[in-house]
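Chains, contacts and geometry: an overview
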Amino acid sequence: MGRVPVLRGLILLLLLLAALDPRLPLPGRVVYLLDFSPSARESVFALAGRLPREARYVAFAERAALLPSPTARRLDLGERTDLRAAFQEALRLRPSRVVLVSDGLFSPVPPPFPLDALYIPPKAHVDLRLVPPPYPFLGETVGVGVVLEAPRPAEARLRVEGPAGPLERQLRVEGRRVLTYAFPLTGEAEVRAVAEGSWGRSEAKARLAPADRARALVLGDPALARYLEAQGFLVEEAFRLPLEADLVAVGLGVLDLPPGAPEALRDYLRRGGGLLFTATPKGLFFGGWDRALPEDLPLKPLGRKGAALVLVLDVSGSMEGEKLAMAVAGALELVRSAAPEDYLGVVLFSSSPRVLFPPRPMTAQGKKEAESLLLSLRAGGGTVLGGAFREALRLLQGVPVERKAVLVLTDGLIADPKEPILALAATAGVEVSALALGPDADAAFLEALAQRGGGRFYRAATPQELPRLFLKEGQEVFQGERLEGRFPVEALSHPLTEGFAFPPLSVLLPARAEPWAQVVLKSGDRALLALGERGEGRVAALATDLSRSWKGWEGAAPFLGGLARYLAGGQRGLALYAYPEGEGVRAVVLGRLEAPQVLVGGKEVPLVPTGPLRYEAVLREEGVLLSGKLRLPLALPLPGEWTPRDGEGNLKALAEGSGGRLLTLEELPRRATASLPLRPYLLALALLLFLLERFLEGRRRPSEVF
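Everything numeric here is computed off the predicted structure, so don't read it as measured data.

Our focus in this paragraph is the sheet that holds strand β15 (residues 274-278). An order of β13-β12-β14-β15-β29-β28-β27-β24 is seen for the 8 strands of this open sheet, with the pairing classed as mixed. Across the chains shown, the open sheet's two edge strands, defined by having one partner strand only, are β13 (234-236) and β24 (490-491). Helix-sheet contacts for helix α4 (residues 222-230) involve β12 (215-219), β13, β14 (247-250) and β15, and the interaxial angle to β12 is about 165°.

This part is about the packing of α4 against helix α13 (residues 556-568). It is the contact of α4 with α13, at a shortest axis distance of 8 Å, that shows an interaxial angle of 85°. When the axis of α4 is compared with that of α13, the two are roughly perpendicular. Of the residues in α13, those in contact with L224, Y227, L228 and A230 of α4 are A556, A557, L560, G561 and A564. Its residues assigned to classes, the contact of α4 with α13 shows 8 nonpolar, 1 polar and no charged.

Assignment of secondary structure puts L632 in strand β37 (residues 630-634). Once the C-alpha coordinates of L632 and Y135 are considered, the two residues, 497 residues apart in sequence, prove to be 7.6 Å apart.

What follows deals with helix α11 (residues 443-453). Every buried residue of α11 is listed here: A443, F445, L446, L449, A450 and G453. Seen from one end, α11 has its buried residues packed into an arc of 165°, which puts them on one side. Residues A444 and Q451 are exposed on α11 and point more than 90 degrees away from its buried face. Residues of α11 that are buried make contact with α9 (386-397), β20 (403-410), α10 (419-427), β21 (431-437) and β22 (454-460). Taken from the residues just after α11, G454 is the one with a positive phi, measuring 75°.

Here we take up the packing of α10 against α11. It is at 7 Å that the axes of α10 and α11 come closest, and there the two elements cross at 25°. In terms of axis orientation, α10 runs roughly parallel to α11. Our pair here, α10 against α11, has a crossing hand that is right-handed. On α11, the residues that touch E419, I421, L422, A423, A425 and A426 of α10 are F445, A448, L449, R452 and G453. Residue classes in the contact of α10 with α11 are distributed as 8 nonpolar, 1 polar and 2 charged.

So, on to helix α7 (residues 322-337). Over its 16 residues, α7 runs 22 Å from end to end, which matches the ideal 22 Å to within 8%, given 1.5 Å per residue. Buried within α7 are the following residues: L324, M326, A327, V328, G330, A331, L332, L334, V335 and S337.

Estimated volume of the second largest pocket: approximately 970 Å³. If you trace the second largest pocket, you find 34 residues lining it, with R80, T81, P639, G640 and E641 closest to the centre. Ranked by residues supplied to the lining of the second largest pocket, first place goes to strand β7 (residues 127-131) with 4 residues. By residue class, the composition of the lining of the second largest pocket is 14 nonpolar, 4 polar and 16 charged.

The next subject is the nonpolar core. Counting 90 residues, the largest nonpolar core has F277 and W550 as the members making the most contacts within it. It is α13 that provides the largest number of residues to this core, a total of 8 residues. In this structure F277 touches V250, L284, W289, L293, L297, V539, A540, A541 and L542, once residues within four positions along its chain are discounted. Grouped together as the second largest cluster of nonpolar side chains are 35 residues, M326, A327, M362 and L437 included.

It is worth spelling out a nonpolar patch on the surface at this point. Judged by side-chain polarity, V6, L10, L13, L16, L17 and L20 come together as a nonpolar surface patch covering roughly 550 Å² of accessible area. Tracing the backbone shows L20 in the loop between α1 (3-19) and β1 (23-27).

Turning next to the sheet that holds strand β38 (residues 662-663). The strand order across the open sheet formed by 6 strands is β4-β3-β2-β5-β6-β38, and the pairing between neighbours is mixed. Each edge of the open sheet is held by one strand with a lone partner, namely β4 (64-67) and β38. Relative to strand β5 (residues 97-102), strand β2 (residues 30-35) runs parallel, the two being bridged by 5 bridges. Within the sheet, the bridge partner assigned to V30 lies in β5 and is R97. Packing of helix α14 (residues 647-658) onto the sheet brings it into contact with β5, β6 (115-119) and β38, and relative to β6 it is tilted by some 165°.

Glancing now at the packing of aromatic side chains. The tally for this structure, following the rule as stated, stands at 13 aromatic pairs. An angle of 20° between the planes, with centres 5.2 Å apart, marks the rings of Y32 and Y57 as stacked. Of this pair, Y32 sits in strand β2 while Y57 is found in strand β3 (residues 56-60), placing the two residues 25 residues apart along the sequence. Both residues of the pair, Y32 and Y57, count as buried. Ring centres of F277 and W289 lie 5.4 Å apart, and the angle between their planes is 50°; on these two criteria the pair is classed as tilted. You can see F277 sitting in strand β15 and its partner W289 sitting in helix α6 (residues 289-292), a full 12 residues away along the chain. For F277, a relative accessible area of 1% corresponds to the buried category. Chaining the aromatic ring pairs together yields one cluster made of F500, F502, W550, W553 and F559. One residue, R534, lies across the ring of W516, its end atom 3.9 Å from the ring centre. The cationic tip of R538 hangs over the ring face of Y566; the distance from NZ or CZ to the ring centre is 4.5 Å.

To continue, consider the pattern of salt bridges. In total, this model carries 35 salt bridges according to the counting rule given. Between E42 and K123 there is a salt bridge; the shortest N-O distance is 3.6 Å. You can see E42 sitting in helix α2 (residues 41-47) and its partner K123 sitting in the loop between β6 and β7, a full 81 residues away along the chain. Residue E42 is classed as partly exposed on the basis of its relative accessible area, which comes to 46%. Among the charged side chains, a network of salt bridges with common partners joins D127, R129, E149 and R176.

What follows is about the pairing of strand β10 (residues 189-197). Looking along a regular strand, one sees the side chains alternate between the two faces of the sheet. Where strand β8 (residues 141-161) and β10 come together, 5 bridges link them in antiparallel fashion. Within β10, the position partnered with R159 by the bridge is V194. Inspection of the sheet shows β10 paired to strand β11 (residues 200-208) by 9 bridges, in the antiparallel sense. Considered in β11, the bridge of E190 is made with R207. Between the end of β10 and the start of β11, which pair antiparallel, lie 2 residues.

Residues apart from glycine generally show negative phi values, whereas peptide bonds are mostly found in trans. The peptide bond linking L241 to P242 adopts the cis configuration, its omega dihedral lying at 0°. With respect to the helices, strands and loops of the structure, P242 is situated in the loop between β13 and β14. Positive phi outside glycine occurs at L284, with the angle close to 50°. With respect to the helices, strands and loops of the structure, L284 is situated in the loop between β15 and α6. Look at L284 and you get buried, because its relative accessible area is 0%.

About the cut-offs
- Residues numbered from 1 in each chain as written.
- Predicted model: local features only at pLDDT ≥ 70, side-chain atom pairs only at ≥ 80, totals over all residues.
- Heavy atoms only, no water.
- Pairing = 2+ DSSP bridges.
- Helix = DSSP H or I, 4+ residues; strand = E, 2+ residues; numbered from the N terminus.
- Contact = heavy atoms within 4.5 Å.
- Axes fitted to C-alpha atoms, helices over the stretch in contact; angles between N-to-C directions.
- Parallel < 35°, antiparallel > 145°, perpendicular 65-115°, else oblique.
- Nonpolar A, V, L, I, M, F, W, Y, C, P; charged D, E, K, R; others polar.
- Buried < 20%, exposed > 50% of the residue type's maximum accessible area, 1.4 Å probe, protein only.
- Arc of directions from axis to C-beta.
- Left-handed = near helix turned anticlockwise from the far one by under 90°.
- Expected span 1.5 Å × (residues − 1).
- 1 Å grid on protein atoms, 1.4 Å probe; cavity = no way out; pocket = protein on both sides within 12 Å on 5 of 7 lines; lining within 4 Å.
- Points joined across faces, edges and corners; volume = space filled by probe spheres on them.
- Core = buried A, V, L, I, M, F, W, Y, C linked by side-chain atoms within 4.5 Å.
- Patch = residues over 30% accessible without salt bridge, like charges linked within 9 Å, V, L, I, M, F, W, Y side chains within 5 Å.
- Areas by Shrake-Rupley, 256 points an atom, 1.4 Å probe, with all protein chains shown as cover.
- Salt bridge = Lys/Arg side-chain N within 4 Å of Asp/Glu carboxyl O.
- Phe/Tyr/Trp six-rings, centres within 6.5 Å; stacked < 30°, edge-to-face > 60°.
- Lys NZ or Arg CZ within 6 Å of the ring centre and 35° of its normal.

Interpretation in functional terms is not warranted from these geometric data alone.
This is the structure in structure tokens:
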């Protein structure tokens, strides 16, 4: 009966001891992880003789392997540093203590055990890598990044060889240094680089192949088309909608293109397309583009002499309805096509003449008033021209410009005598043009009137033709001028002009740049080439005729090709920039992309939009850019084995974060102690005694019954 209380006392004692968690000291195992990566192994080899032989050793780089002794050497473990392989190998040895011997030039990985560390300085070395552009066009001047990295300051002799010839530099590399090797990409190319110094030798090479050929639609400028073909562009010369080219170059006039072309070009530009206007005999100002696209053309005529035009418009009863509406639309085109120095007036005729408004400068206010008056017109009455024609000539007498013109429009037969009107047209000293609308117009008289007046005769079968015919007449009257001779060219600071020596021009249109545009080339106070951004696209205007200027200049094709690629950049080009950030790289992609992602290690990493046509992501490995049907390998300057880092700080943070510390050479452990936890055994013994106590208690109770 006394045994049960004794057992209960023993159980309580065992539970009390288990709560104190006693441990039995035993001999332990020290495991050293030796960094055999290229940047650290020479320092580790030099230290090996001072390491304790009683420990176990694991060498690692990209792979890990057991070593029979600290002085054993392995050179087959790879060229980079991967701590995961070292940690896994160490766990297999069941260590009591782990010490990492390294230069710290690696991406930290949290250890699965407390870790001590010993810092060793890295080898003096300069690593060399070549980073090609991700999406080069055929004919594009590309830049290959030459990336040099040194964990410690080092001198290096660099030589780069490729299509642009040799590039040699003597450099001091501290940390990371990047140079650019540029050349025109006319086909597949290879670039080789070698860096040498007292530390040794590094080599790298890169192969480039054109990713695509840019498409250019060239309208009315054969010289530009040949230049762009020589630069690798796929050139088309037929206007078709929708506009799908990377660049549209316009050397034709507004009226040389189908109706709706100005609106289509404006929409194309705003959506991200590239536009280039050239000064052929039908292009730029001669083509009326400064009037058709006044908000989108970077150049405007400079010092142009104004002209005066009076529209003599039939508003008789036969013009009522669609005819008058389209005549008003045509007159509004005249208003819009006039420059501030031009004068425009309107005289109406039916049974009697009426001055809608006399010739006035087409300033912004003048245009606004003219549009308001034109939109108020009503039709009615007969068709008497003489009085209105004489009033138009009278109004022009006091206008202070040299060129003056009258445009007569009617859809019927003139009721008054014709010969006096014809005689007056022949002697007035003013250009007289005429427009016959519909089959009932007196075409014979109107053609004679234009012939006597030295102007032009137009025939419109339907009212819908009127706006374009009015615009054509305005283009004839409100035209600019060109200068011919020898005009020196001055290049302003811009990446497009670097490396070019521009010869003089034979033809120049006097022009000024709009405030929103950047002048790239000029001649004296005249702007020659200006460019800017409108919406998401880029636009440029060149105020010379390429069929007569720059003939025989070898730099013409490369310069114009570079300009075309710059303009097309908003539509098709991709620009990739990479910046080291922490242990990865921030990739910035500029271009028109569709829900872009980067495929890295089988996982899709989304590129986050951070601005117009700008996407970013932080990557830790190279990958493939995915955007619609685009599959583009990304060669990023990811951190390498020799990437400069604070190795000692890296090791200290890794050790202290795991519960260890950074050691000195004198503190390296030779032996370790392990401890056997006794708590499980004490609890198990307490359980057995408890069961025994329950058994004895059960036997005692039946005997007490008797």
